[in-house]
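Survey of secondary and tertiary structure
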Amino acid sequence: MKSLVIALSLLMAGSDAHAQEAANPDAASAAKAQAAIKDLGQSLRGALVAKMQSEGPVAAVNFCHDEAPLIASQVAERHQVQIGRTAVRHRSPSNAPSEWQQAALAEFAAKVAEGAPAAGMTSSSTVDVNGESRFRFVQSIPTEAPCLACHGDTVAPPIKAEIDKHYPQDTATGFKEGDLRGMFWVEFPMTPAATPVSQNPPDQRAPIVMSEAQRVSLRLEMRGRMETLQGVMAALASGDWSEVAKRSEEGTRGQHRGVDFRSALPQEWFGMARPMHGEFAAIQHEAEGQKRVDVALQHLAKAGQYCTSCHATFRPVTPSESAVAQQ
Ligand code: HEC
Ligand code: HEC
């Protein structure tokens, strides 16, 4: 696709928001905007073509009236953006351009007047609205041959009648193939691209300094714990008590393969690890004794609580990470 990026200074007349030129347009934001536009364009086109083919253009006008705004709001929700179509000569009053959109449409029209093709023009800008940095992106919409049935010079009388019924103030006819029909617009708050981590809530967990090798072997043990948990549940679900006994026994003891990391652990660690082992021991005891599913499940649920409490409490860090954090 031919893409002509115009550096636009979009004016926000009538408000104290000031526009800045997008000197360094955020590539991620532009990609997000383009993905949303692609989705909207394809969704509208797909729905329109299907309706035209199944019921003809008159029904399609009615369908556009009901469905176009709905499709736009679904796309907005999916991509977490504000999005729409607008044009100088528009059909629906709710597609009338806002002031910044008028400025963008005028820039596109000027380019077309200079001989640029109406297809594939885009521009972006970043504006400050009440202290929030917002990204705006627009993309031109050309008039294609199939659009003329509803937007061309001569619209067939039954279609015209249907349009007039829904849109008494329609001015979106008289277009020729290749004319600039209008544009897609997208707007959303900018996220600082350089520091995505800062978007996360602060990490309150206590760091435990350990070597990279120790950390790898801790994670290996943890994945084994997950397998134990899953194994006990599956065995309980299928009523296989000898398997319950075997799998819960794994949970009663340390399982580390690889390098020793116990030396790196604080005392509080064992305050959660030991009772977890105890719960697995109780399950093993039940499996070898009375075999009550509800009792075994209660111990399993308690064991799981020690998993989640410990995960909420500790965070392993390597010595280099801990040095960075202290700077
Ligand atoms: C079956 C008739 C029909 C066809 C064909 C059609 N449109 Fe539309 N168009 C409409 C209707 C109806 C609306 C108003 C939708 C609404 O209420 O939001 C509309 C709205 C638009 C808008 C939004 C701005 C405005 O005028 O309200 C654009 C842009 C647009 N059409 C472009 C196109 C393009 C480009 C094509 C061809 C690829 C096309 N249309 C084909 C009926 C049609
Ligand atoms: C006493 C503390 C503690 C207990 C108890 C504990 N974990 Fe962990 N677990 C951790 C820590 C700390 C990490 C983070 C390791 C890292 O990020 O380097 C972790 C990470 C994990 C991971 C991710 C492994 C990976 O490859 O990144 C899984 C899965 C896991 N734990 C499962 C469990 C299950 C299931 C249980 C209970 C049956 C459990 N853990 C009990 C401390 C604990």
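Just above, that's the structure.
Let me begin by describing the structure that accompanies this report.

Cut-offs applied
Residues numbered from 1 in each chain as written. Chains lettered and ligands numbered in written order. Predicted model: local features only at pLDDT ≥ 70, side-chain atom pairs only at ≥ 80, totals over all residues. Heavy atoms only, no water. Helix = DSSP H or I, 4+ residues; strand = E, 2+ residues; numbered from the N terminus. Buried < 20%, exposed > 50% of the residue type's maximum accessible area, 1.4 Å probe, protein only. Contact = heavy atoms within 4.5 Å. Areas by Shrake-Rupley, 256 points an atom, 1.4 Å probe, with all protein chains shown as cover. Donors = N, O, S within 2.8 Å, 3.2 Å for Na, K, Ca; no water. Near = heavy atom within 4 Å. Polar contact = N/O pair within 3.5 Å; in protein donor to acceptor, adjacent residues only side chain to side chain.

Focus: the overall build of the protein
If you tally the helices and strands in the protein, you get 10 helices and 8 strands. Looking at the protein as a whole, 39% of its 327 residues qualify as buried. Intrachain contacts of the protein at a sequence separation of at least 6 include 75% that bridge at least 24 residues. When the accessible surface of the protein is split by element, carbon and sulfur atoms take 56% of a total near 18200 Å².

Some points on the coordination of the iron atom of ligand 1
The protein gives the iron atom of ligand 1 a lone donor atom, H151 (NE2), placed 2.1 Å from the metal. By the element assignment, H151 lies in helix α4 (residues 148–151).

A look at the site of ligand 2
The immediate surroundings of ligand 2 are formed by 15 residues, with M222, R223, C307, C310 and H311 found nearest. The side chain of R215 places a nitrogen or oxygen atom 3.0 Å from an oxygen atom of ligand 2. Within the side chain of R219, a nitrogen or oxygen atom sits 2.9 Å from an oxygen atom of ligand 2. Looking at the shell around ligand 2, the elements that each hand over two or more residues are α6 (212–237), α8 (267–288), α9 (293–313) and β8 (314–317). Here the shell around ligand 2 gets 7 residues from one element, more than from any other, and that element is α6.

Read these as layout, nothing more, since geometry by itself doesn't imply function.
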